[in-house]
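Each chain, letter by letter, is given below.
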Amino acid sequence: MAIKRISAALLFMLFSATVWADLDLTVKNPWIREAPPTASTLAGYMTIVNNGDKAVNIVEASSPDFKSVQIHSVSMDKGMMHMQHMHKLHIPAKGQVELKPGSMHLMLMSPKKPLKLSDQAVIVLKTDSGKMLELFVPVKKP
Amino acid sequence: MNKRNLNTLVFFAVILLAGAGVFLSLMESEPPRLKFENLEGVIVESPPTPLPDFQMTTHEGKPFTKKDYLGKWSIVFFGYANCPDVCPTTLTALNQVAQMPNLPDTQFVFHTVDPKRDTVEKLAGFIEFFNEDFIAVTGPKSEIDKFAEPLGVIYDFEGDTSKDDYIVTHFAAVYIIDPKARLRAYVLPPHNEERVGDVYIKVREYYGD
């Protein structure tokens with residue numbers, strides 16, 4: 001039993017390691033904004049850090065817990081708030097990009113089940129080199 | 001100068017004096033514009049802009065008209081319940097403003113610009129999440145447009161509006177409405193408790209009831 005558990009843990013570490021292998025990205029403080037139970041669109045935030053010497057582009061975001069995920073930027077033009085779907089999120093070498101309220105965010109559309117405070121959702125970021133970054137993101141109050 | 005010319009002169013003099021009288025009485029009721037130094041994106045309306053007549057419905061299904069803006073100060077925001085980032089950020093800030101210990105009695109109203117998706121039921125679940133005392137208001141598009149136009153609220157739909165996941169681009173100011181149902185000031189984003197609360201209290205103290 002114990003051996004099984006250890007091997008499962010090892011397997012998980014191995015799997016995580018492959019997911020993360022030669023990926024210089026780390027994600028700090030990912031969270032989903034707690035939303036009304038009726039919400040059909042939520043927002044996710046995080047700081048993406050690139051520890052590598054090469055810039056990385058995130059070209060896709062997805063989630064098994066939502067119908068679709070888009071990376072959005074927010075801009076204001078004479079008081080009009082515009083959201084743009086970003087097809088590429090550029091993380092400079094040795095740099096970081098912050099997704100935060102009122103600014104860039106992940107737009108999480110049509111949750112498959114209602115998400116309450118402290119629930120977690122899985123979000124997968126895909127880089128331009130085809131690598132995947134899987135995140136467990138908790139629902140929090142701002 | 002003949003009599004006819006004299007009559008004309010008197011006529012114009014009377015008009016001029018009457019005009020000056022009206023002008024002076026307006027000047028008297030409207031103090032110099034309140035200025036906010038070092039604060040960008042805060043616009044004070046002087047003279048204030050009256051709200052139009054309109055007929056809408058609250059998230060509790062009650063009628064909501066211009067009369068509901070009379071006799072009290074209000075803080076107003078436009079948006080839509082499916083808005084993932086901008087509207088929740090502002091409503092969270094407004095909830096903090098509502099809880100400021102020194103805040104005088106204030107009505108908070110959220111006007112949707114997306115009546116197709118924002119039914120009375122949907123608005124109820126949405127607004128009560130932020131603050132149970134806030135009022136959310138919807139109505140026919142024609143009424144929303146009538147209300148939004150003089151306030152300069154522009155909005156636009158992006159994406160396929162026959163589906164359910166379109167985006168609404170909208171003017172995202174927080175509006176301060178005086179007890180005579182007139183727009184007194186508005187604050188552009190970013191919205192946080194300090195910025196909105198401070199402007200609101202100063203506007204209210206300066207212009208009084």
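Reading the values: the criteria
- Residues numbered from 1 in each chain as written.
- Chains lettered and ligands numbered in written order.
- Predicted model: local features only at pLDDT ≥ 70, side-chain atom pairs only at ≥ 80, totals over all residues.
- Heavy atoms only, no water.
- pLDDT = per-residue confidence, 0-100.
- Contact = heavy atoms within 4.5 Å.
- Buried < 20%, exposed > 50% of the residue type's maximum accessible area, 1.4 Å probe, protein only.
- Helix = DSSP H or I, 4+ residues; strand = E, 2+ residues; numbered from the N terminus.
- Pairing = 2+ DSSP bridges.
- Buried area = accessible area lost by both parts, 1.4 Å probe.
- Salt bridge = Lys/Arg side-chain N within 4 Å of Asp/Glu carboxyl O.
- Nonpolar A, V, L, I, M, F, W, Y, C, P; charged D, E, K, R; others polar.

**Student:** Help me understand the confidence of the model for chain A, please; the structure alone is not making it clear to me.
**Tutor:** Parts of the model with low pLDDT should not have their predicted coordinates read in detail. Residues of chain A with pLDDT of at least 70 account for 85%, and the chain-wide mean is 87. Low confidence marks residues 13–19 of chain A, where pLDDT is under 50. Its contacts with residues over four positions away, or in another chain, come to four contacts.

**Student:** I would appreciate a short explanation of the pairing of strand β9 (residues 120–127) of chain A in the present structure.
**Tutor:** The side chains of a regular strand alternate between the sheet's two faces. Residue and element names in this part refer to chain A. With six of eight residues buried, β9 lies mostly within the body of the structure. The pairing of strand β3 (residues 56–62) with β9 spans four bridges and is classified as antiparallel. Among the inter-strand pairings, Ile 58 is bridged to a residue of β9, identified as Thr 127. Pairing geometry for β9 and strand β10 (residues 132–140), over seven bridges, is antiparallel. Within the sheet, the bridge partner assigned to Gln 120 lies in β10 and is Pro 138. Hairpin connection of β9 to β10: four residues between the antiparallel strands, including Gly 130 at a positive phi of 85°.

**Student:** Whenever I open this one, helix α3 (residues 120–130) of chain B confuses me. Can you help?
**Tutor:** Along an α-helix, residues three or four positions apart point the same way, because every turn accommodates 3.6 residues. Considered for burial, the residues of α3(B) that qualify are Lys122(B), Leu123(B), Ala124(B), Phe126(B), Ile127(B) and Phe130(B). Against the buried residues of α3(B) lie α2 (86–98), β5 (107–112) and β6 (135–138) of chain B.

**Student:** Even after reading the chapter, I still don't get the interface of chain B and chain A, so can you show me in this structure?
**Tutor:** It is common to report an interface's size as the accessible area lost on association of the parts. With 24 residues of chain B at the contact, the number on the chain A side is 28 residues. Taken over both partners, the interface formed by chain B and chain A buries close to 2,000 Å², and the fraction arising from carbon and sulfur atoms is 65%. Summed over the three residues of chain B that lose the most area to chain A, namely Pro84(B), Asp85(B) and Phe129(B), the buried surface amounts to 29% of that side. Counting the contacts that link chain B with chain A gives zero salt bridges. Of all the elements in the fold, those that place two or more residues in the side of chain B that touches chain A are α2, α3, β7 (155–158) and β8 (167–171) of chain B. When residues of the side of chain B that touches chain A are assigned to their parent elements, the largest contribution, five residues, is made by α3(B). Among the residues forming the side of chain B that touches chain A, the class breakdown is 14 nonpolar, six polar and four charged. Bridge count for strand β5 (residues 80–86) of chain A against β8(B) is two bridges, and the pairing is antiparallel. When the bridges of β8(B) are listed, Met81(A) appears paired with His170(B).

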